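Letter by letter, the chains look like this.
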Amino acid sequence: MESLGLTVRPVTWWHFFQVSVNERLVYRGDFILGTLMRFLPTLTQIFLWWAIYDSVATNPTAVGDAPDTQIAGFRYGDMVAYYLLVTISRAFSSMPGLSSGIALQVREGEIKKFLIQPVDMLGCLLLQRIAHKLVYYLMATLPFALVFFLCRGFFIDGWPDAEILAVFFVSLILGFLLGFFLEACIGLVSFWFLEVTSLMFIYMLMNFFLSGHMFPLDLLPTDLQILGIGPLNLRIVVDFVPFKYLAYFPAAVFLGKVEGAEMYQGLAVLVFWVMFFIVLSRIMWWRGVKRYSGFGG
Amino acid sequence: MAIIEIENLKKSYRVYQKKEGILASLGGLFKREYREIHAVAGIDLQVEQGEFVAFLGPNGAGKTTTLKLLSGVINPSSGSAKVMGFTPWRRENAYRRKFALVMGQKNQLWWDLPANESFRLHQHIYGVDPTEFKRTQDEITELLNVQHLLGQPVRELSLGERMKMELIAALLHRPEVLFLDEPTIGLDVVAQHNIQQFLKHYQQERKITILLTSHYMKDVAALCKRVVIIADGLIQYDGSLEGIVDRFSSDKIITLQLAETESFDDFQNLDDVIEIEPPKVKFRVQRDDVPKLLSRILASRNVEDIIVEDPPLEDVIASAFSQVEQNRSDADSLHAEAVS
């Protein structure tokens, strides 16, 4: 029988984790720079929104002087805070190189290693990713703290209460798992198509617009007319696809845009998507390996 | 009971046949033609515990496919195989802890980390007792003389050094059966020799079973008493290295050294002259004709020295391979005639 990968002793996984951390520390050089670069696009967003708020403000003074101007319920400060928080969401949920890495392993035949050795590939990749992320957070804490300290004025309502903070952190962790298993599934498609670049491109495009990475999802139209179909409520659409949990959801929780029952409902949907992609990735792995070993390795 | 038992093992797969040209490529988007490749076309083989067996054969003969089948990377189309009582393609952990496959440079090592980190990881993956692990690692690294390289990132090692590390990684859990696919490919003569010596020593010491594929006759001659020639997905020969010559060649090579007074003109007309370089002449003779011919020459010529030898093994094997090719194309054309 195929190993589920759960039979391996915890100490093995612990060691694998350590090795992954060591591997990551080899490349400590690019950390600080890479982290600060993450905020560059955010900076352009801040200026863009400043211009937008400035132009819609009822009395055209500096935006800071007209704090009541709102767009889709966002004050200017909320908008900046949103982009900063989305940077955190994405630091958890983005998985650079995961899909293409799996595809490369399948194409180059390195996947054999996981058929020959008594160890599970998805488990290995997950631990490796956790290790890399932890190392990243460790190194990135300082630059993140600096940016947030400088921008503290934009968080108009201050810190949310403990309950909301707890949900925020849980949604970050679940967002990490969702990002991992979703992109793992895309990578595993390579068992059938060898190349997943175009699929990955589509995914990134969807992610860009539907996750809230580009703008708060509250800005989406509720009555879109497209190709003679409509009115289409895009806000409902994004509620049913997993993307919004990769960026929008944690930020919206933090800013109090989703509250109470709605918040817990969102959390439940997030848990569902995580489970869904865990199961899907497992099935894809089984079927993929079956196909791979049937085809000739 | 044999440690490896293979019965009528077959593996065929479809490959996409692409025609030349852009139009054909576009056509391939909609309708594809496939060709069936019989990589392994029915192999029967028994290997006893402690044997060191070499698989020889031209490229695409089915050697690597056989090793992949035996290590469970691929499933067969039909037939059965048991290694240490396990069916490889069921990929049971109990089996996976007892064998190892080293396949060229497909690394089991972590590229950015020193080899000893990968080794430690293998210790955990395979659940090797720490003191046992330490002993094995020390022993093997010393044999391969790479103790000083253990702390260096693998990507900074040379090809030969990396191959040695791959071997160590494969042996740390003390596999009882080892599959080696081209272990010395791309290495220089010294590194090849080192690895040969190591494998020979290790195999004798531990009495493990090793199946090896190689293109280097030197590997095979140095290591394996038993040689299996695979061509066309079938076993064409199974026996000793020396036996190959008896089986595939009925010739002997005779080298004569003649006295200076002798003329070489007669030899130029002989069919099977390999080279004439006075005072020596070298030619090929049917084995049965050797005594008759020699006595005739000795009676008529002033001969100073005689060497009678088997043709070089490489040549014999090369001709054996082309013989197989020939038989197949004959069979194919016969088949084609029968069909038409």
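Residues numbered from 1 in each chain as written. Chains lettered and ligands numbered in written order. Predicted model: local features only at pLDDT ≥ 70, side-chain atom pairs only at ≥ 80, totals over all residues.

**Describing the overall build of chain B**
- For chain B, the helix and strand inventory stands at 12 helices and 13 strands.
- Relative to the compact-globule value of 20 Å for 340 residues, chain B shows a C-alpha radius of gyration of 25 Å, a clear excess of over 25%.
- Dimensions of chain B, computed from C-alpha atoms along their principal axes, come out at roughly 75 × 60 × 50 Å.
- A sequence separation of at least 24 residues applies to 72% of the contacts in chain B between residues at least 6 apart. (Helix = DSSP H or I, 4+ residues; strand = E, 2+ residues; numbered from the N terminus. Rg over C-alpha atoms; globule rule 2.2 N^0.38 Å. Contact = placed C-beta atoms within 7 Å.)

**Description of the nonpolar core**
- The biggest cluster of nonpolar side chains holds 144 residues, and the ones touching the most others in it are Leu178 of chain A together with Ala54 of chain B.
- For this core, the element with the most residues is helix H7 (residues 162-188) of chain A, which contributes 13 residues.
- If we skip the residues at most four places from it in the chain, Leu178 of chain A touches Ser93, Pro242, Tyr245, Leu246, Leu270, Trp273, Val274 and Phe277 of chain A. (Core = buried A, V, L, I, M, F, W, Y, C linked by C-beta atoms within 7 Å. Buried ≥ 20, exposed ≤ 12 C-beta atoms within 10 Å, placed from the backbone.)

**With respect to the sheet that holds strand S8 (residues 226-231) of chain B**
Residue and element names in this part refer to chain B.
- Taken together, 6 strands build an open sheet; the order of strands is S5-S6-S7-S3-S8-S9 and the sheet is mixed. With one partner strand each, in any of the chains shown, strand S5 (99-103) and strand S9 (234-240) form the two edges of the open sheet. Ignoring which end each strand starts from, the neighbouring axes of this sheet average 15° apart.
- With 5 bridges joining them, S5 and strand S6 (residues 177-181) adopt parallel strand pairing. Bridge pairing links Phe99 to Val177 in S6. (Pairing = 2+ DSSP bridges. Axes fitted to C-alpha atoms, helices over the stretch in contact; angles between N-to-C directions.)

**A few points about the environment of Glu277 of chain B**
- If you trace the backbone, Glu277 of chain B turns up in strand S11 (residues 273-277).
- Separated by 13 residues in the primary sequence, Glu277 of chain B and Phe264 of chain B place their C-alpha atoms 9.3 Å from one another.

**Notes on the confidence of the model for chain A**
- The predicted model of chain A has a mean per-residue pLDDT of 84, with 90% of residues at 70 or higher.
- The least confident element of chain A is strand S2 (residues 229-232) of chain A, whose mean pLDDT is 72; the most confident is H7 of chain A, at 96. (pLDDT = per-residue confidence, 0-100.)

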